[in-house]
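Geometric and topological summary
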Amino acid sequence: MNTGSTHDIVVEVLQRASSQNPEVLKPAEAKLREWETQPGFYTVLFNVLSNHTLDVNVRWIAVLYIKNGIERYWRKNAPNAILEPEKQNIKHGLILSFNEPVSQIAVQRAVLISKIARIDCPKEWPELFPTLLQVVENPDSLVQHRGFLTLHHVVKAIASKRLTGDRRFFQEFSSNIYSFVLNLWNNFTQQFMNDVMKGAESQVVLTNLEKALLTLRILRKLTVFGFYKPNQNQDCMRFLKVIFDRAKMALQCRKHLRDKELVEQCEKFITHLTKVLISVLDVHPFSFIDFIQPSLEFTTYFLFTPDGINFLFERFIIQCFNLIKNILLCVEYKPPKILEMCKQEETLKAHEIKINFFQVNTLTEICRKLVSHYFILTQEELEMWDADPETFANDESGDSWKYSLRPCMETVFVTIFHEFRDTLAPVLLEMIHETNCIVSPEDTQGILRKDAVYNAVNLAAYDLYDEVDFDSWFANTLTQELKVKHNNYRVIRRRVCALIGRWTGIKLSSELRPALYECVINLLGPDEDMAVRLTASATLRHAVDDFEFSSDQFRDYLDPAFNLLFNLLKEANECETKMHVLNVMTLMVERVGQTIKPHTDALIHYLPLLWTESEDHNMLRCAIVSTLVQLVKALGSVSSELNPFLLPIIQLGTDTNQSAIVYLLEDCLELWLTVLENSTTMSNELLQLFNNMPALLEYSTENLRLCLLIVLVHTLLAPDLVMRTHGVQVITVCDNLMADMKNEGIVMLIRMLEIFIRSSPILGCETVFPILPRIFQKIYEGEDYPLLMSMYLSILARVLLSSHDVFTRVLRTLAQVHNETDENVLGKILNVWLSKMPMVSQLEQRKLLGLALTNLLTTQSRPVFQRFATVMVNILECLNDMEDSLLLSDGRSPNDYDDVVPYETDHDQRKKQLILSDPVHTIVLKDYLQSQMYELRNQIGLPQYEQLLQTIDPDTISQLKGYITL
């Protein structure tokens, strides 16, 4: 691409690429994609970026395309890599000027330089760092700022490299510039603080504050990643020591600021100071030991003292709580219970500092302050609750609160309480006692205090197990508080409900379960506050999911609970709420089983509507599919009436050409399997659905087990039909996959093949023929894994018993592969078979192999006659092991059906029928052996027959005569 003649053309295309009109935008993007591999294209883009007279949008698109090009084509070994002369020109131009006037483009330009630096530094771009260090001393304020911005992004990029050579370079670089950057940071920080105290103009303060923040960010990366042990570097320690004073001064400066942007930047500066401490603690815990005490003093002053609280803002509070939490949770600061066993002096020192700081008075004050100040619901939260209770309930329990204040301080409370349980349990018990009375509905502050205490008890439940008589508290106080229906009391009702849900799985006697169910049902009613109802549904989930749950005890409450949940599901507006309620209902269906049948009609009629409405909400659709799985299991074969609704859902979620498969696949496979297990006959729709399976088997190994299980269950529903329509295709796919399968997958595959053969012996053998040479080859080679070998031998035995023709064709195929005769291949397979058979432990497999060996006796095979004695010994061992113990009597198999519940699905019935027709359970081995011996004698004549018997040792002959007549 000629950079001169194409400049205007590229600018025009970039202008179109910044258009909001898709008809203009898409052709422009296509043209840019066409150009991105042409030599000179990025030089033209860089010229556009450097021309400050051009439209900002055009330059913005240009810098983004350069950045993307660097990621794809900058490395020398990349396809269509940018040529070296063009790369040199771009690098030279990037560090020639640092006067970009547009902040957003300046940031992208800095990122662009950092991406090149991560690849080329230091060898391919040695002049970068010297240039940047000169620029940051430039007297021009804008140039200096852009230099710091670029240095920040470059340091960030280089610090992220993890190879030994790269880390060594970064450590050398850090040592060389650390003092220089530290002095700059000190100067800018002092200047911005002086400017604030003097009442300087906002722009002056902002300029120095931004530079102080940029140099601080650089220092954090240098400190954390630039030194093996920061505590061995004097400048690092000097920097860390001064952080606390700088933070205090910055907090005081923030009080004097009125400009919104200045306040925001100052808060970022303060937050980043604490971020430095947290980063050093996380990466270099032993280097941080000297800062444990000042960090705890600093955070507790601002978080828990009247004077300190006046300086707080939310992000700073979160950082302070995180600092305390990380100190308490730091593994390196936790010695073994027997301190004398600790070999790390630093660990003991850190532990001693923690213990000395957290004295009883300090812990008591922290605990009380957390509960009585931080746990109190704020006015903003109460207003949010009033305005939208559903959103309030979801936000408090969901991921959107992950980085907010409440979960952060609750985590700190749990951490401190668990660490100092013996000290804090009496404090919290005292707070319970102080609030252990019915608060007046008009006493808003009293309600909020009680709510906070109950929240603390909820969080510390496991640590209070031996301290709280929850049964008594529940029966005498909590149930009474739930009866107060005043609107203000919704706060208490919701918290009590959450408290009960938490303690249900910890310490609630089974006798009180009915009272619990009554409480929850009362709170699920339509007249109750939506946030309370959602909490009640969560409590019900805890109760139903508990291992002590009794479906009999719940029977009387099933109908009202299920109906109220269904009403809540319909009333909910948010996708997240519907998912939550649906999950509770799904769990309930799973736990009560077929008892749910009379109560499901309304839900069944509603789910198709919900499915249609949730087209853009994949996670809600996953929840719907999970519900359908449990409904089908509960309804049994009755659920076939739902197939017009169910099968299109399964089709959508298992079609590899549909984007929905990413979200729905696992749940839809589970639904597919459940539908098949509860189907009485094969329908055209089910058969057509199976067209998705071959592609699914190759789609993902994560769901291979489930796919093979579906093939197995599907086949058993209509064996001949499935094998004729899809059998060979599925087996061919499995044959291609088998070479890369792990043992677990091969085991599943072999079980599926066995079902093919057992359900329709002759057709089954023909269907699985494509994969049989691979299995026989495994036996031929002597598979080492005993479980797999026994399964391979089982397949061989079933093929032999079902179709001599297929067995012979497989031997012939293997003989051609090894350029041997059929007899030689059979001989080697027999050697492995006879040597491995004693290691087969399952009686069914041993008898199957015994039957197959007996079958071989009359095949007139030389390899069999050559090993006749060994064959007879193995058959005798089978007879000795089982003595017809596997024969079915009154329709039962001792190994498969002793002590089992009645069949729950149609698939279970089909499995029973399959067992009833299995040779292992229908043929008497000794009778079959007797018959085969008679046939053998008739085939070869008495003289040769007696010669064969003479090859057997007398003891074996004697034992055989106990079973048959020789």
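Here's a quick rundown of the structure. For every chain, the first residue of its written sequence is number 1, and the numbers climb from 1 along that sequence. Two thresholds apply to this predicted model, a pLDDT of at least 70 for residue-level local features and 80 or more for giving and counting side-chain atom pairs, whereas whole-chain, interface and lining totals are computed over all residues. Side-chain calculation: all heavy atoms of the structure are included, whereas hydrogens and water are not.

**Regarding the overall build of the protein**
Helix and strand content of the protein: 50 helices and 0 strands. Computation of the radius of gyration draws on C-alpha atoms, with the globule rule given as 2.2 Å multiplied by the number of residues to the power 0.38. Taken over C-alpha atoms, the radius of gyration comes to 38 Å for the protein, far larger than the 30 Å a tight globule of 966 residues would show. Projected onto its principal axes, the C-alpha positions of the protein cover 120 × 85 × 70 Å. Counting contacts in the protein only where the partners sit at least 6 residues apart, residues at least 24 apart contribute 74% of the total. Note on areas: Shrake-Rupley with a 1.4 Å probe; residue coverage comes only from the protein chains shown. For the protein, the computed accessible surface area is about 43000 Å², with 48% contributed by carbon and sulfur atoms. For the protein, the separation between the mean place of its 92 positive charges and that of its 120 negative charges on side chains is 6 Å. Numbering of helices and strands starts at the N terminus; helices are DSSP runs of H or I of at least 4 residues and strands are runs of E of at least 2. Contacts: residue pairs with any heavy atoms within 4.5 Å of one another. None of His or the chain ends enter the tally, which takes Lys and Arg as positive and Asp and Glu as negative. Charge positions are represented by NZ for Lys, CZ for Arg, CG for Asp and CD for Glu.

**So, the packing of helix H11 (residues 234-256) against helix H12 (residues 260-283)**
Helices that pack against each other are described as a pair by the angle of their axes relative to one another and the distance between those axes. Look at H11 against H12: their axes get within 10 Å of each other, and the N-to-C directions meet at 155 degrees. Between H11 and H12, the interaxial angle falls into the category roughly antiparallel. The element H11 and its partner H12 pack so that their crossing is left-handed. Where H11 abuts H12, its residues Phe239, Leu240, Ile243, Phe244, Arg246, Ala247, Ala250, Leu251 and Arg254 lie against Val263, Cys266, Glu267, Phe269, Ile270, Leu273, Val276, Leu277 and Val280. The axes used here are C-alpha line fits, helices contributing only the stretch in contact, and every angle between their N-to-C directions lies in the interval 0 to 180 degrees. Oblique is the label for every angle not falling under 35 degrees (roughly parallel), over 145 degrees (roughly antiparallel), or within 65 to 115 degrees (roughly perpendicular). Working rule for handedness: look at the near helix, and if it is turned counterclockwise from the far one by less than a right angle, call the crossing left-handed; if clockwise, right-handed.

**A few points about the packing of aromatic side chains**
Centres within 6.5 Å are what make two rings of Phe, Tyr or Trp a pair, Trp counting through its six-membered ring; a difference in plane orientation under 30 degrees is then read as stacked, over 60 as edge-to-face, and the rest as tilted. Summed over the entire model, instances satisfying the criterion amount to 36 aromatic pairs. Pairing Phe298 with Phe302 gives two aromatic rings, centres 5.0 Å apart and planes at 65 degrees, and the pair type is edge-to-face. Within this pair, Phe298 and its partner Phe302 are both found in helix H13 (residues 292-304), separated by 4 residues, close to a single helical turn. To sort residues, take the accessible area from a 1.4 Å probe on protein chains only and compare it with the maximum for the residue type: under 20% means buried, over 50% means exposed, and anything in between is partly exposed. According to the relative accessible area criterion, Phe298 is buried, its value standing at 4%. Phe302 sits in the buried class, given a relative accessible area of 2%. Taking 5.2 Å as the distance between ring centres and 40 degrees as the angle between the ring planes, the aromatic pair formed by Phe358 and Phe420 counts as tilted. Of the two residues, Phe358 is situated in the loop between helix H16 (345-357) and helix H17 (360-374) and Phe420 in the loop between helix H20 (405-419) and helix H21 (421-434); the sequence distance between them amounts to 62 residues. A single burial state applies to Phe358 and to Phe420, both of which are buried. Here the aromatic cluster, defined as three or more aromatic residues joined through ring pairs, consists of Phe244, Phe298, Tyr301, Phe302, Phe311, Phe313 and Phe316. Remark: a charge is flagged as sitting over a ring if the NZ atom of Lys or the CZ atom of Arg is within 6 Å of the ring centre and within 35 degrees of the ring normal. In this structure, Arg246 packs its charged tip against the face of Trp185, placed 5.7 Å from the ring centre. Residue placement shows Arg490 over the ring face of Trp385; its charged tip is 4.6 Å from the ring centre.

**Concerning a nonpolar patch on the surface**
Only residues whose relative accessible area exceeds 30% and that take part in no salt bridge are eligible for patches, with like-charged residues grouped when within 9 Å of each other and nonpolar side chains (Val, Leu, Ile, Met, Phe, Trp, Tyr) grouped when within 5 Å. Note on definitions: salt bridges are taken to be side-chain nitrogens of Lys or Arg within 4 Å of carboxyl oxygens of Asp or Glu. Where nonpolar side chains cluster on the molecular surface, the patch consists of Met619, Val662, Tyr663 and Tyr699 and spans about 420 Å² of accessible area. Mapping Tyr699 onto the fold places it in helix H34 (residues 693-699).

**What to know about helix H6 (residues 103-120)**
Between its first and last C-alpha atoms H6 spans 26 Å; for 18 residues at 1.5 Å apiece the expected length is 26 Å, and the two agree. All buried positions along H6 are accounted for by Ile105, Ala106, Gln108, Arg109, Ala110, Val111, Leu112, Ile113, Ser114, Ile116, Ala117 and Asp120. Taken together, the buried residues of H6 touch helix H3 (41-50), helix H4 (56-73), helix H5 (84-94), helix H7 (128-135) and helix H8 (141-159). Working rule for helices: expected span equals 1.5 Å times residues minus one.

**Examining the side chain of Asn855**
Note on placement: Asn855 falls in helix H43 (residues 843-856). Classification of Asn855 as buried rests on a relative accessible area of 10%.

**Here's the deal with the pattern of salt bridges**
Here the structure, examined in full by the defined rule, presents 38 salt bridges. Residue Arg406 pairs with Glu381 through a salt bridge whose shortest N-O separation is 2.9 Å. On the criterion of sequence distance, the pair formed by Arg406 in helix H20 and Glu381 in helix H18 (residues 379-387) is long-range, its members being 25 residues apart. Each member of the pair, Arg406 as well as Glu381, is classed as buried. Here Arg758 ties to Asp918 by a salt bridge, and the two come within 3.4 Å at their closest N and O atoms. Placement of the pair is Arg758 in helix H37 (residues 743-759) and Asp918 in the loop between helix H46 (906-916) and helix H47 (919-922), with a sequence separation of 160 residues. Arg758 gets classed as partly exposed once you look at its relative accessible area, which sits at 22%. Three or more residues are tied together by salt bridges with common partners; here these are Glu754, Arg758, Arg798 and Asp918.

**Looking at the environment of Asp546**
Inspection of the secondary structure assignment puts Asp546 in the loop between helix H26 (530-545) and helix H27 (551-571). Assessed through its relative accessible area of 7%, Asp546 is described here as buried. Put simply, Asp546 and Val733 are 187 residues apart on the chain and 43 Å apart in space, counted from C-alpha to C-alpha. Ignoring any residue separated from it by four or fewer positions in sequence, one finds Asp546 in contact with Thr504, Gly505, Arg513 and Arg591. A distance of 2.8 Å separates polar atoms of two side chains, one belonging to Asp546 and the other to Arg513. Residues adjacent in sequence count toward polar contacts only when both atoms are side-chain atoms; beyond that, a polar contact is any pair of N or O atoms within 3.5 Å, and within protein one must be able to donate a hydrogen and the other to accept it.

**Describing the nonpolar core**
One broad trend across soluble globular proteins is that nonpolar side chains are buried collectively. Buried Ala, Val, Leu, Ile, Met, Phe, Trp, Tyr and Cys residues form a nonpolar core when they are joined through side-chain atoms within 4.5 Å. Counting 354 residues, the largest nonpolar core has Phe269, Phe321, Phe413, Met752 and Trp833 as the members making the most contacts within it. Of the residues forming this core, the biggest block, 13 residues, is contributed by helix H9 (residues 164-198). Once you skip the residues sitting within four places of it in the chain, Phe269 turns out to touch Trp185, Thr189, Phe192, Met193, Leu209, Ala212, Leu213, Leu216 and Ala250.

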